[in-house]
Amino acid sequence: MGLLSDPNRRRALTKLLTRLNAPICVMCYLAGVAWFMGLAFEPFTLRTYMSENAMGSTMVEERFPAGERALATGREFAAHKKKVGGMPVDWLVKTMQSRGLEVFTQSFTRKLPFPDENKERYMVRGTNVYGILRAPRAPRTEALVLSAPCSEGNNNNQAVGLLLGLAQYFRSQIHWAKDIIFLVNEHDLIGMQAWLEGYHHTNTTGGDWSPLQGRGGSIQAALSLELSSDVITSLDLVLEGLNGQLPNLDLANLFYAFCQKIGVLCTIQGKLQRNDWDTTSGYSHAAQTMMLMVLKQASGRPWGDHGLFLRYHIEAASIRGINSFRQYKTDTTTIGRLLEGMYRKLNNLLERLHQSYFFYLMPSLSRFVSIGYYMPAFGLLAVILLLRALDLWVQLGASPPGTEDGVAGGVQVSNGPSSPGVLSILTPVVISHMTGVALYTLPILSQEMAVQHFPVSETEAVVLTAIAIYTAGLALPHNTHRLLQGEGTEEGWRVLKLVALLYLAVLLGCTALINFSLGFILALSLVPIAAFITPHTPKALSAAIMVLLSPGCTLLYCVFVFQELQETPVSLQDGWMLFLSVISQGILDHALYGSLVYPLLALLIYPCWLLLWNILFWK
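Per chain, residue numbering runs from 1 following the sequence as it is written. Reporting of local features is limited, given that this is a predicted model, to residues whose pLDDT is at least 70; pairs of side-chain atoms are given and counted only at 80 or more, and all residues count toward the totals for whole chains, interfaces and linings. Hydrogens and waters are ignored; side-chain quantities use all the structure's heavy atoms.

The name an unreviewed UniProt entry gives the chain is GPI-anchor transamidase component GPAA1, with Oncorhynchus mykiss as the organism. Among the UniProt annotations of the chain, the heading Pathway (unreviewed entry) holds the following wording: "Glycolipid biosynthesis; glycosylphosphatidylinositol-anchor biosynthesis." In UniProt, the chain has this text filed under Subunit (unreviewed entry): "Heteropentamer. Part of the GPI-anchor transamidase complex, consisting of PIGK, PIGT, PIGS, PIGU and GAA1. Interacts with PIGK." UniProt positions are given in the numbering used here, feature names are shortened, and annotations may be inferred rather than shown by experiment.

Rendered as C-alpha cells:
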C-alpha cells in the first residue's frame, strides 16, 4: 500500500510499466500460451476422485442377466420402426406397459427458422414416449432419467432395446428410492427440448408441444444412451452441454470407476487413456484430448441429448458405444451391468451432486484440470489489455493542452488534441454495434428476399447474407470518417482504443467465467491486435493481420484444427463447406435451444473488432 500511496513511488512504477509495456505484454502472451499447453502434462494435473460420500465404494455386485433379451427387443423395435417409417409409438407404449411402467406420450411440433440441410428437416413433428417406474421406498419427490433417442435408419436400436431391458429388470428390484424415468425421444435434441420444457412448465424457445400427463419427482441426474451395435469395443463419455456447461465431475468419476471395476474400455473425446505421460507421444495424446474438449466446449452447442438437461441444473452425460477395429469386445449384458451399478449409486444420493467441480478440463478420464489451474492462462492474456489501457491512460494524461494550431489565447477548441470531440468517439461505437445488430437479425429476416432474387436455397441465403454483412463491416472506417468530416485527432484514436481495450477486457473476462474455452480462444486471437494496433502501423500488413485474426477467420481455423485433432483431416474445399455448415448450425442452435455463441459473436465480439479496425484506419 505504501508503494501506491507515495506519489513519487507511484510515479516511478507508472514510468516503469509504460517504458517496459511492450516487452511485458509479449512475455505475458507467451507465458499464457505456455501455461495452457502445460496443463496437459500429467504432473500439473490432478487425479480424479469421488467427492460424494453417498457414491462411495460398496460390496454390491452389479447384475443384469437380460442382455440377449435386450438385443432381441432392439431388433423388434427396429422392425416396427421400419414398418411405420418413424417412431413406433403404439408398440413402445404397449411394451413399456407390459414391463410395469406408467406410460405417457407427448407430441410436439417445431418449425425451424430455415431448413436444416444437414438433417434435411424444416417442419418437425414427433412424439416422445416415456415410462415412469415409481419408487417403492420413498415419497417420490426425486427422479432419475435414462433416455435413448429414436434415430433414423438403423442407428441406436440397441440402445432402445437395452433401455427397455433395464426397465424390466429395475421393475423387479425393491431398493429404488427415486422415480426412474425411461424416455425415448424423437428427433434428438428437438424432442428432448420439448420434453424438458413440458416437464418443467417452461417454454423458452417458442416450441409447440402438448403438456405432460405424468411426472416424477425433481430430476437429480440423467444419462443418455447411444448404441448402434450388438457388441462394442469401448464406451465414450460425452460431457459438453449447451453454452459450454459441464456436469458435476463426480458423474464422470462414477462412470470411470465402474468401467474400471467391470473391465470396460472407456474413452473421452474418442481417445483411450495412455500411461506413457513422460514421453512426447504421451503428452501429445493428452494435449489433443484436452484441446478437443476445449473446442467442443467453445462451440456452445450440446454434443448429446444430455446437454439440454444442464440448463435445468440436472447433472447429465451421454454414453456412446464405439465399435472399432480393436479386438476387445463388450456385450450388452456388460453394458447393462455398468448402467445398473451407476443408477444404484445415483439412487443413494441424499442431495444433488455438488461437492465436486463444475468447471474443469479433462486430458483423460483419470486426470482433470480444475478452474484454479487453467484460469491463470487466461489471466495472463487478459492482463495485457489492462497494461495497454494503463499505457494509453498515462499518454492521455501527459498530453499538453492546446489546439491543433497551438495555444490561442487560452481558449481550447473542441476538436483539439487534448479534448477529442464526443462525436469522434461515439460514432464508431454506434455504427459498429449497429452492424452487429444487422449481422444478428438480417440473415434470417432477409432469407425470403434473397431466395427470390438469387438462385440459392434458404440455408445458403442465411449463411451468405451473414458473410456479406460481416465483410461489409470492413468498409466502416471510410464511411465513419465521411460522417465525421475531419474530427479525427491524435487524441481521439487513443481515447477510442482505451474504450475498446477496457470493453474487450470486460467482455472476454465475463465470457471466460461462463465458458472458459470460448473466452480463451477469443483472447488468443483478439488480444494481440487489440494491444498493438495503431493508426501509425503499416496499413496493408496490419489490415492483413487483423483480417487473419478476426472472429470469422478464427472460426475457420478451429474447423480445420478440430478435424485434425479427430484424425479426419479435410481439404480446403471440404473445410470451407464445413465452415459454412458450422455457421448455419450456430444460428439454428441459437434459435432452437438458446445457444449464446452466435449472439455473443454478432452483437459484442464483432463490433469490438470493428472498433479496432476503425483505429487502424483512423484519419
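## Focus: the overall build of the chain
The numbering of helices and of strands both runs from the N terminus, where a helix is a DSSP run of H or I of at least 4 residues and a strand a run of E of at least 2. From N to C terminus, the chain includes 21 helices and twelve strands. For the chain, the C-alpha radius of gyration of 28 Å lies close to 25 Å, the compact-globule estimate for 619 residues. Along the three orthogonal principal directions, the C-alpha set of the chain runs to about 95 × 60 × 50 Å. Expressed as a percentage of its 619 residues, the buried residues of the chain come to 54%. Any two residues having at least one pair of non-hydrogen atoms within 4.5 Å are treated as being in contact. Pairs at least 24 residues apart make up 80% of the contacts formed inside the chain by residues separated by at least 6 positions. Counted as positive: Lys and Arg. Counted as negative: Asp and Glu, with His and the chain ends omitted from the count. In plain terms, the charge of a residue is placed at NZ if it is Lys, CZ if Arg, CG if Asp and CD if Glu. Averaging the locations of the 45 positively and 44 negatively charged side chains of the chain gives two centres separated by 4 Å. We take the radius of gyration over the C-alpha atoms and set the globule estimate at 2.2 Å times the residue count to the 0.38 power. For every residue, the accessible area obtained with a 1.4 Å probe (protein chains only) is divided by the maximum for its type, and the residue is called buried under 20%, exposed over 50%, and partly exposed between those limits.

## Some thoughts on the pairing of strand S10 (residues 315-322)
Only strands joined by at least two bridges in the DSSP assignment are considered to pair. Strand direction decides the pairing type here: strand S7 (residues 218-226) and S10, joined by six bridges, are parallel. The partner of Glu226 across the bridge, within S10, is Arg320.

## Observations regarding the sheet that holds strand S1 (residues 46-47)
Sheet architecture is open: three strands sit in the order S1-S12-S11, paired in antiparallel fashion. The two strands at the open ends of the sheet, each matched to only one other strand, are S1 and strand S11 (360-364). Here S11 pairs with strand S12 (residues 367-370) via three bridges, running antiparallel. Note that in S12 the partner of Leu361 across the bridge is Val369.

## Some thoughts on the UniProt feature "transmembrane region" (unreviewed entry) in the chain
UniProt's feature table lists "transmembrane region" (unreviewed entry) at residues 20-41, 371-390, 421-440, 461-480, 500-533, 540-562 and 596-618, given in the numbering used throughout. Secondary structure across residues 20-41 divides into 82% helix and 0% strand, with the first and last C-alpha atoms of the span separated by 32 Å. Across residues 500-533 one finds 94% helix and 0% strand; the C-alpha atoms that close the span lie 11 Å apart.

## Section: the nonpolar core
One finds Phe36, Trp195, Phe309 and Leu508 to be the most contacted residues of the largest nonpolar core, which totals 111 residues. Here this core takes 14 residues from helix H21 (residues 597-616), the largest share from any one element. Formed by 67 residues, the second largest nonpolar core is a distinct cluster that contains Phe64, Leu92, Ala159 and Leu365. As used in this record, nonpolar core signifies buried Ala, Val, Leu, Ile, Met, Phe, Trp, Tyr and Cys residues forming a set joined through side-chain atoms within 4.5 Å.

## Digging into the sheet that holds S7
If you trace the nine strands from one edge of the open sheet to the other, you get S6-S2-S3-S5-S4-S7-S10-S8-S9, paired in mixed fashion. Strand pairing shows two members of the sheet lacking a second neighbour, strand S6 (208-209) and strand S9 (266-268), which therefore form its edges. Sitting on the sheet, helix H7 (residues 188-199) touches strand S2 (102-116), strand S3 (121-133), strand S4 (142-150), strand S5 (179-186), S6 and S7, and the angle it makes with S5 is about 140 degrees. To get an axis, fit a line to the C-alpha atoms, keeping to the stretch in contact for a helix; angles then go from 0 to 180 degrees between the N-to-C directions.

## Concerning the packing of aromatic side chains
Note on aromatic contacts: the rings of Phe and Tyr and the six-membered ring of Trp form a pair at centre separations within 6.5 Å, being stacked when their planes are under 30 degrees apart, edge-to-face when over 60 apart, and tilted otherwise. For the coordinates displayed, the defined rule picks out 22 aromatic pairs. Ring centres 4.6 Å apart and planes at 25 degrees place the aromatic pair Tyr470 and Tyr606 in the stacked group. With Tyr470 in helix H14 (residues 458-472) and Tyr606 in helix H21, this pair connects stretches of sequence that are 136 residues apart. Tyr470 sits in the buried class, given a relative accessible area of 18%. Looking at Tyr606, the relative accessible area reads 1%, which means it is buried. One aromatic cluster is present, formed by Tyr470, Tyr606, Trp609, Trp613 and Phe617 through successive ring pairs. Charge-over-ring placement is defined geometrically: NZ (Lys) or CZ (Arg) within 6 Å of the ring centre, and within 35 degrees of the ring normal. The cationic tip of Lys296 hangs over the ring face of Trp303; the distance from NZ or CZ to the ring centre is 5.1 Å. The ring of Trp303 carries Arg301 above its face, with NZ or CZ at 5.4 Å from the centroid.

## Comments concerning the confidence of the model for the chain
If pLDDT is low for a region, its predicted coordinates should not be looked at in detail. What pLDDT reports is the predictor's confidence in each residue, on a scale of 0 through 100. Predicted confidence across the chain gives a mean pLDDT of 87, with 92% of residues reaching 70 or more. Under a pLDDT of 50 for its full length, residues 401-418 has, in the predicted model, 25 contacts with residues more than four places off or in other chains.

## Concerning the side chain of Asn248
Mapping Asn248 onto the fold places it in the loop between strand S8 (234-238) and helix H8 (249-262). Judged by its relative accessible area of 0%, Asn248 is buried. Residues contacting Asn248, with those up to four places away along its chain left out, are Glu315, Leu353, His354, Gln355, Ser356, Tyr357, Phe358 and Tyr360.

## So, the pairing of S4
Taken across its nine residues, S4 has eight buried, putting it largely inside the fold. Two elements, S4 and S7, share six bridges in a ladder whose sense is parallel. If you follow Glu142 over to S7, its bridge partner there is Ser218. Seen with its strands pointing away from the viewer, a crossover is right-handed when the path leading from the first strand over the helix to the second is clockwise. Handedness of the β-α-β unit built from S4, helix H6 (residues 157-171) and S5 comes out right-handed.

## Details of helix H9 (residues 280-299)
A rise of 1.5 Å per residue sets the reference length of H9, with its 20 residues, at 28 Å; its end C-alpha atoms lie 28 Å apart and thus fit the reference within 8%. With its phi angle positive at about 75 degrees, Gly300 sits one or two positions after the end of H9. Take the residue count of a helix, subtract one, and multiply by 1.5 Å to get its expected span.

## Regarding the environment of Gly206
Structurally, Gly206 can be placed in the loop between H7 and S6. As a C-alpha pair, Gly206 and Tyr593 span 387 residues in sequence and 9.7 Å in three-dimensional space.

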